[in-house]
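Results of the structural survey
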Amino acid sequence: MAPPQGSRAPLEFGGPLGAAALMLLLPVTMFHLLLVARSGPARLLGPPPYLPGLEELWSPWALLLCLTWLGLQAALYLLPAHKVAEGQELKDKSRLRYPINGFQALVLTALLVGLGVSAGLPLSALPEMLLPLAFAATLIAFIFSLLLYLKALLAPASALAPGGNSGNLIYDFFLGRELNPRICSFDFKYFCELRPGLIGWVLINLALLIQEAELRGSPSLAMWLVNGFQLLYVGDALWYEEAVLTTMDIIHDGFGFMLAFGDLAWVPFTYSLQAQFLLYHPQPLGWPLASFICLINAVGYYIFRGANSQKNTFRKNPSDPRVADLETISTATGRRLLVSGWWGMVRHPNYLGDLIMALAWSLPCGVFHLLPYFYFLYFTAMLVHREDRDERQCRQKYGLAWHEYCRRVPYRIVPYVY
Ligand code: NDP
């Protein structure tokens, strides 16, 4: 059993108080968005149209549906994978193995949903259940995080995350104590990261599109764009699933409430906000503007994919011909930093691409409401904060070499701006 650590890592997110506030604020914001999206004025900054009672939030059927969904995704995760990838080296010099079958899970889910719909599954009833489903997902996230915290108390010190073992219960519960909680080969964090939430998000979007078709005869162009863009994003994440193994969530953050709630509740119920908004507030959109928005999304995707693939290829094999010619800086750890290509433009080119796409997802909703831009605004704040966290970790890891990188590549996310 690991002794309480009192880790030396500086506390993030405002320490225990900030963590407690976020644990309250995030679910409240999610319910606010769900309520406001279906209200007439759809005001992001106004009060919610009403406060739902427990009878509107709690439904055993919604809980059963969420658990069935998690069970289905877990079963798909356990299916044989065409490839098993190794993660980054851990503190004890070992490497974990991960099944690469996320895209297969997406395709099989699509087939099962298609079969279900043709057999009469009322998918268009899903939008009416979003409140109780979000409530059930929040309950699951809280209980799951508690179990993860208890499991982490039994984990050896070498299995703990660098930041989530401060010794403060609230902070560690929020940030996640254990880095890679597993039962046998089932990796909870890796499973939750890209599957139930991301696939759930596009399923909710699809249900909203079908309901719009039932209400208005056909889905609107704006709804098609939002569905298409976000399906591309989710499909891409699962197609390049292996790339998640070099991201902060997997290599640095423990698995606690922050990621459990984020993956299982926040992503599916708030990232589908634009489609929710469009169902209740149809927006006219012509082909010329739609084409321009598609172009913005394509530019964002090009930068996002190019940057993420370049770093992932380089981290897997620096001699790979696709990255071997790029200029690098050596560090005392033996790892090198890219200083040309995408990573020579700004220090987080992947965030830039992601933000451009976030803007393209909101634009089909018009410019008369702030609500559909919530994702863009929240994501900007989140990525600025995330970039700052990453910089701090890199400065600690790479010391002088990181300072040299910052000197050579002075901008963080947006060239000549930030
Ligand atoms: P990154 O994939 O950017 O990973 C950061 C790590 O990359 C650093 O810690 C460092 O790790 C390595 N690195 C940094 N600079 C260099 C360099 N010059 N050369 C080589 N390696 C470098 O971070 P994230 O995990 O935050 O993001 C991954 C993707 O996921 C991004 O596209 C992001 O936009 C997206 N994302 C999306 C979210 C959403 O909700 N939609 C939420 C969070 C992220 P090391 O040196 O140890 O390899």
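See the structure shown above.
Within each chain, residues carry numbers counting from 1 in the order of the written sequence. A pLDDT threshold of at least 70 governs which residues receive local features in this predicted model, and a stricter bar of 80 or more applies before side-chain atom pairs are shown or counted, although totals over entire chains, interfaces and linings include all residues. To get the side-chain values, all heavy atoms of the structure are used, and hydrogens and water are removed first.

What follows is about empty space enclosed by the protein. Here the term cavity refers to a set of points on a 1 Å grid, laid over the protein atoms alone, in which a 1.4 Å probe fits but cannot get out; the term pocket refers to an open set having protein on both sides within 12 Å along at least five of seven lines, with lining residues being those that place an atom within 4 Å of a point. Grid points are joined across faces, edges and corners, and a volume is the space filled by probe spheres set on the points. Enumeration according to the criterion identifies one cavity of 30 Å³ or more in this entry. Taken together, Ser145, Leu148, Tyr149, Ala152, Asp172, Phe173, Gly176, Arg177, Glu178, Pro181, Phe255 and Gly256 make up the lining of the largest cavity. Each helix is a run of H or I in the DSSP string that is no shorter than four residues. Each strand is a run of E no shorter than two, and both are numbered from the N terminus. Contributions of two or more residues to the lining of the largest cavity are made by helix 5 (130-153) and helix 6 (169-175). Sorting elements by how many residues they give to the lining of the largest cavity places helix 5 first, with four residues.

A separate point is the site of the ligand. Any residue with a heavy atom lying within 4 Å of a molecule or strand is counted as near it. Taken together, 25 residues lie near the ligand, and Lys311, Tyr351, Asp354, Arg386 and Tyr398 sit nearest. Here an oxygen atom of the ligand and a side-chain polar atom of Lys311 are 2.6 Å apart. Definition of a polar contact: a pair of N or O atoms within 3.5 Å, with one able to donate and the other able to accept a hydrogen when the atoms are protein atoms, and with sequence-neighbouring residues admitted only if both atoms are side-chain atoms. Residue Asp390 places a side-chain N or O atom 2.6 Å away from an oxygen atom belonging to the ligand. Summarising the interface, the protein chains cover 92% of the accessible area of the ligand, which totals 920 Å² for the free molecule. Among the elements that take part in the shell around the ligand, helix 15 (residues 374-398) stands out by supplying eight residues, more than any other. Any residue that is not Ala, Val, Leu, Ile, Met, Phe, Trp, Tyr, Cys, Pro, Asp, Glu, Lys or Arg is counted as polar, Gly included; the first ten are nonpolar and the last four charged. Its residues assigned to classes, the shell around the ligand comprises 14 nonpolar, four polar and seven charged. Accessible areas in this description were obtained via Shrake-Rupley with a 1.4 Å probe; residue shielding takes into account the shown protein chains only.

So, on to helix 9 (residues 221-239). Take the residue count of a helix, subtract one, and multiply by 1.5 Å to get its expected span. With 19 residues, helix 9 extends 26 Å from end C-alpha to end C-alpha; this agrees with the ideal 27 Å at 1.5 Å per step. Most of helix 9 sits inside the fold, with 14 of its 19 residues counted as buried. Throughout this description, buried means an accessible area under 20% of the type-specific maximum (1.4 Å probe, protein chains only), exposed means over 50%, and partly exposed covers the range between.

Looking now at the pattern of salt bridges. Just to be clear on terms, a salt bridge is a Lys or Arg side-chain nitrogen sitting within 4 Å of an Asp or Glu carboxyl oxygen. The full count for this structure, using the stated rule, is 20 salt bridges. A salt bridge links Arg412 to Asp388; its shortest N-O distance comes to 3.8 Å. Here Arg412 is found in the segment after helix 16 (400-408), whereas its partner Asp388 is found in helix 15, with 24 residues between them in sequence. Overall, Arg412 belongs to the partly exposed group, its relative accessible area being 22%. Arg408 is the partner of Glu404 in a salt bridge, and the nearest nitrogen-oxygen pair spans 4.0 Å. Remark: Arg408 and Glu404 occur in helix 16; sequence separation between them is four residues, near one turn of the helix.

Following the sequence through the fold, Glu391 ends up in helix 15. Taking the relative accessible area as the measure of exposure, Glu391 reaches 1% and is therefore buried. Any two residues whose heavy atoms approach within 4.5 Å are treated as being in contact. Sequence-distant contacts of Glu391, that is, excluding residues within four places in its chain, are made with Arg347, Trp402, Cys406 and Arg412.

Attention now moves to the packing of aromatic side chains. Stacked, edge-to-face and tilted are the three classes for Phe, Tyr and Trp ring pairs, Trp counted by its six-membered ring, which pair at centre distances within 6.5 Å; planes under 30 degrees apart are stacked, over 60 edge-to-face, the rest tilted. For the structure shown, the criterion picks out 32 aromatic pairs. Judged by centre distance (5.6 Å) and plane angle (85 degrees), the ring pair of Phe144 and Phe255 falls under edge-to-face. Of this pair, Phe144 sits in helix 5 while Phe255 sits in the loop between helix 10 (248-251) and helix 11 (257-270), placing them 111 residues apart in sequence. Judged by centre distance (5.4 Å) and plane angle (55 degrees), the rings of Tyr411 and Tyr416 are tilted. An aromatic cluster is defined as three or more aromatic residues linked by ring pairs; in this entry it consists of Trp201, Tyr233, Trp266, Tyr271, Tyr301, Phe304, Trp361, Phe374, Tyr375, Tyr378 and Phe379. When the ring centre of Tyr98 is taken as reference, the NZ or CZ atom of Arg182 above it lies at 5.0 Å. Distance and angle both matter: a charge sits over a ring if NZ of Lys or CZ of Arg is within 6 Å of the ring centre and within 35 degrees of the ring normal. Here Arg305 stacks its cationic end above the ring of Tyr240, 3.9 Å away from the centre of that ring.

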